[in-house]
Amino acid sequence: MTRIAITRPVSRSIVDCELTHLAREPIDYAAAVEQHAAYEAVLGGSVGEIVRAPAAHDLPDAVFVEDMAVVLDEVAVMTRPGAVSRRRELDGVEQVLGRYRDVVRIEAPGTLDGGDVLRIGRQLFVGQSSRTNDAAIDQLRALLSTHGYDVKAVNVHGCLHLKSAVTAVGVDSLLGNSAWIDRDAFGQREWIEVDRSEPGAANALWVGESVIYPREHARTADRLRARLQPAGISLHLVDACELAKAEGGVTCCSLVLTT
Ligand code: CIR
């Protein structure tokens, strides 16, 4: 089994990104590119290969490839992003993904962002957010039931996506901010709560034996390290502050799949 990660370059128009919960701040394009390259380098250490989708400098949010697809072993579901400005990002990602998976699609009136989908084994938790609606969740359930996936809707409040509020950091371990999501929806799994001073700290990217995590959430990072080390998982810190101004986290910048 080889893992690859699909990424996409930071667009020169990133300053015009969609924003929902954050006020617009200047984004340093050069710094964002540098941080993204460092992220790719760390991620490249955990997967066999980084495969880049073509740059799309006229599409401000193109770097956030996660939102374009839900990739499973059996199939890739191209989403229909909730922000209209992001729908033109689909083609470039599908071009690459189509090399590795059969592709199916979410259709209107469904809207779905990949950032709202958390897979834990055969279960998909899908955030009901400002980007993802029930029509899309029903479509996803219908598309994936033949492959044996259970799709469960979870209400998200106070943040952009489900994975702003909770991500997996191990087989049965979650990192979450319970102010933004009902942790009981995830059953008896281990729950690591973010530090109260770092509400945006729940987005971590777990790949194999590594968790890639933003350096700026230092308190939660300490907490996470203490929990991960005994499980043999290492924490790799990356600078992610420029793309955080565009409301993106570490999961958002890649689609990880096995080939
Ligand atoms: C957006 O609002 O769509 C982008 N500015 C940020 C998307 C971040 N994606 C993600 O969390 N999966």
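These lines cover the structure that appears in this document, whether it is placed above or below. (Residues numbered from 1 in each chain as written. Predicted model: local features only at pLDDT ≥ 70, side-chain atom pairs only at ≥ 80, totals over all residues. Heavy atoms only, no water.)

1. Re helix H1 (residues 29-44)
Part 1 of the reasoning: The terminal C-alpha atoms of H1 lie 22 Å apart, and with 16 residues this matches the ideal 22 Å at 1.5 Å per residue to within 8%.
Part 2 of the reasoning: Listed as buried for H1 are Ala31, Ala32, Gln35, His36, Tyr39, Glu40 and Leu43.
Part 3 of the reasoning: Buried residues along H1 sit against strand S1 (3-7), strand S2 (49-52), strand S12 (205-207), strand S13 (210-214), strand S14 (234-238) and helix H6 (241-244). (Helix = DSSP H or I, 4+ residues; strand = E, 2+ residues; numbered from the N terminus. Expected span 1.5 Å × (residues − 1). Buried < 20%, exposed > 50% of the residue type's maximum accessible area, 1.4 Å probe, protein only. Contact = heavy atoms within 4.5 Å.)

2. What about the site of the ligand?
Part 1 of the reasoning: Taken together, 14 residues lie near the ligand, and Asp61, Asp67, Arg131, Ala246 and Cys252 sit nearest.
Part 2 of the reasoning: At 2.8 Å, a side-chain N or O of Asp61 approaches a nitrogen atom of the ligand.
Part 3 of the reasoning: The contact in question runs from an oxygen atom of the ligand to an N or O atom on the side chain of His161, over 3.0 Å.
Part 4 of the reasoning: Here the ligand loses 98% of its free accessible area of 340 Å² to cover by the protein chains.
Part 5 of the reasoning: The class makeup of the residues in the shell around the ligand is four nonpolar, three polar and seven charged. (Near = heavy atom within 4 Å. Polar contact = N/O pair within 3.5 Å; in protein donor to acceptor, adjacent residues only side chain to side chain. Areas by Shrake-Rupley, 256 points an atom, 1.4 Å probe, with all protein chains shown as cover. Nonpolar A, V, L, I, M, F, W, Y, C, P; charged D, E, K, R; others polar.)

3. Quick look at the sheet that holds S1
Part 1 of the reasoning: If you walk across this open sheet you meet the three strands as S2-S1-S15, and the pairing is mixed. Edge positions in the sheet fall to S2 and strand S15 (255-258), since each of these pairs with one other strand and no more. The sheet shows a mean angle of 30° between the axes of neighbouring strands, direction not considered.
Part 2 of the reasoning: The pairing of S1 with S15 spans four bridges and is antiparallel. In the strand pairing of S15, Arg3 is matched with Thr258. (Pairing = 2+ DSSP bridges. Axes fitted to C-alpha atoms, helices over the stretch in contact; angles between N-to-C directions.)

4. Considerations on the pairing of S13
Part 1 of the reasoning: For S13, the buried fraction is high: five of the five residues fall into the buried class.
Part 2 of the reasoning: Of the two faces of S13, the one lined by Ser210, Ile212 and Pro214 and the one lined by Val211 and Tyr213 are each fully buried.
Part 3 of the reasoning: Inspection of the sheet shows S12 paired to S13 by three bridges, in the antiparallel sense. Of the residues in S13, the one forming a bridge with Leu205 is Ile212.
Part 4 of the reasoning: Alignment of S13 against S14, held across five bridges, turns out to be parallel. Note on S14: the bridge partner recorded for Pro214 is Val238.
Part 5 of the reasoning: Handedness of the crossover is the feature at issue here: the chain leaves S13, passes through helix H5 (residues 218-228), returns alongside S14, and the resulting connection is right-handed. (Right-handed = clockwise from strand over helix to strand, strands pointing away.)

5. What about empty space enclosed by the protein?
To find the voids left in a structure, one rolls a probe of water-molecule size over its atoms.
Part 1 of the reasoning: One pass over the structure, following the stated rule, counts two cavities of 30 Å³ or more.
Part 2 of the reasoning: Quantified by volume, the largest cavity comes out at close to 100 Å³.
Part 3 of the reasoning: Residue lining of the largest cavity: Gln35, His36, Tyr39, Asp239, Ala240, Leu243, Gly248, Gly249, Val250 and Cys253, and that is the complete set.
Part 4 of the reasoning: Looking at the lining of the largest cavity residue by residue, the class counts come to five nonpolar, four polar and one charged.
Part 5 of the reasoning: Volume-wise, the second largest cavity comes out at about 70 Å³.
Part 6 of the reasoning: What lines the second largest cavity is Glu18, Asp61, Phe64, Asp67, Arg86, Arg131, Leu160, His161, Ala246, Glu247, Gly248 and Cys252.
Part 7 of the reasoning: Here the lining of the second largest cavity is composed, by residue class, of four nonpolar, two polar and six charged. (1 Å grid on protein atoms, 1.4 Å probe; cavity = no way out; pocket = protein on both sides within 12 Å on 5 of 7 lines; lining within 4 Å. Points joined across faces, edges and corners; volume = space filled by probe spheres on them.)

6. With respect to the packing of aromatic side chains
Part 1 of the reasoning: Scanning all chains against the criterion turns up two aromatic pairs.
Part 2 of the reasoning: Both rings, one in Phe125 and one in Phe186, keep their centres 4.6 Å apart while their planes meet at 45°; by these two values the pair is tilted. Here Phe186 lies in the loop between strand S10 (173-176) and strand S11 (190-193) and Phe125 lies in strand S7 (residues 123-128), a separation of 61 residues in the sequence.
Part 3 of the reasoning: When the centroid spacing of 6.1 Å and the interplanar angle of 40° are considered together, the rings of Phe186 and Trp191 count as tilted.
Part 4 of the reasoning: Of the residues examined, Phe186 reaches a relative accessible area of 1% and is grouped as buried. (Phe/Tyr/Trp six-rings, centres within 6.5 Å; stacked < 30°, edge-to-face > 60°.)

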